[in-house]
Amino acid sequence: MAKEFQVTYDCADPGAQAAFWAEALGYRVQPSHEGSSDWAAITDPDGKGPRVYFQKVPEGKTAKNRLHLDVRSAPGQTGDERMVTLEEESTRLEGLGAKRLYRLEPNGVDEGIIVMTDPEGNEFCLD
């Protein structure tokens, strides 16, 4: 039997991270404890995706993520159509505070992706 799970991020500003990722994923910010700045969470409004939890930690990010999210922004698309969609989503997310790192072009085996970071520097891919 499959288990439910949540994805947990250590971060400096849980509220800001929750706001960014809610917009990026089409999730909703979950109401938190009144006055709490130690955690925040987002949930899939359709109840299908995992809950994403953000917890405040004192230390900053020091190395590349060992785990990252692939944000499926162009499912079923290929070639130029796919890359145009990914570019549009990259621009939208940059407006929310993400940074673009680099673009990998389609190579005949793999479709192209755009690698980005969220506002606190956590890597993710637009796929």
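Going by the structure above, here's the rest.
The sections below set out a description of the structure shown in this document. Because the structure is predicted, anything quoted here is derived from the model rather than measured.

Considering the side chain of Gln 17
Argument step 1. Along the polypeptide, Gln 17 turns up in helix H1 (residues 14-25).
Argument step 2. When neighbours within four sequence positions are excluded, Gln 17 is seen to be in contact with Cys 11, Phe 54, Asp 118, Pro 119, Glu 120 and Asn 122.

Topic: the nonpolar core
Nonpolar side chains tend toward joint burial in soluble globular proteins.
Argument step 1. Judged by nonpolar contacts, the single largest core of 23 residues is most densely connected at Trp 21, Ile 42, Phe 54, Leu 93, Phe 124 and Leu 126.
Argument step 2. Sorting the residues of this core by element identifies strand S1 (6-11), H1, strand S3 (39-43), strand S4 (51-56), helix H2 (79-95), strand S7 (113-117) and strand S8 (123-126) as the ones contributing at least two each.
Argument step 3. In terms of residues, this core owes the most to one element, H1, which gives five residues.

Some thoughts on the side chain of Asp 118
Argument step 1. Considering the arrangement of structural elements, one finds Asp 118 in the loop between S7 and S8.
Argument step 2. Despite being buried, Asp 118 has no salt bridge partner; Lys 61 is the closest side chain of opposite charge, sitting 8.0 Å away.
Argument step 3. Within the structure, the side chain of Asp 118 is placed 3.0 Å from the side chain of Trp 21, a separation counted as a polar contact.
Argument step 4. A polar side-chain atom of Asp 118 sits 2.9 Å from the main-chain amide nitrogen of Glu 120.
Argument step 5. In this structure, Asp 118 is in contact with Tyr 9, Gln 17, Phe 20, Trp 21, Gly 97, Ala 98 and Phe 124, ignoring residues within four places of it in sequence.

Examining H2
Argument step 1. Along its 17 residues, H2 runs 25 Å from first to last C-alpha, staying within 8% of the 24 Å computed at 1.5 Å per residue.
Argument step 2. The complete set of buried residues in H2 reads Arg 82, Met 83, Thr 85, Leu 86, Glu 89, Ser 90 and Leu 93. Projected down its long axis, H2 shows its buried positions confined to an angular sector of 160°, all on one face. Facing away from the buried surface of H2 by more than 90 degrees, the exposed residues are Asp 80, Glu 81, Glu 88, Thr 91 and Gly 95.
Argument step 3. Remark: Gly 97 follows H2 within two positions and exhibits a positive phi of approximately 115°.

Parameters and conventions
- Residues numbered from 1 in each chain as written.
- Predicted model: local features only at pLDDT ≥ 70, side-chain atom pairs only at ≥ 80, totals over all residues.
- Heavy atoms only, no water.
- Helix = DSSP H or I, 4+ residues; strand = E, 2+ residues; numbered from the N terminus.
- Contact = heavy atoms within 4.5 Å.
- Core = buried A, V, L, I, M, F, W, Y, C linked by side-chain atoms within 4.5 Å.
- Buried < 20%, exposed > 50% of the residue type's maximum accessible area, 1.4 Å probe, protein only.
- Lys, Arg positive; Asp, Glu negative; His and termini not counted.
- Salt bridge = Lys/Arg side-chain N within 4 Å of Asp/Glu carboxyl O.
- Polar contact = N/O pair within 3.5 Å; in protein donor to acceptor, adjacent residues only side chain to side chain.
- Expected span 1.5 Å × (residues − 1).
- Arc of directions from axis to C-beta.

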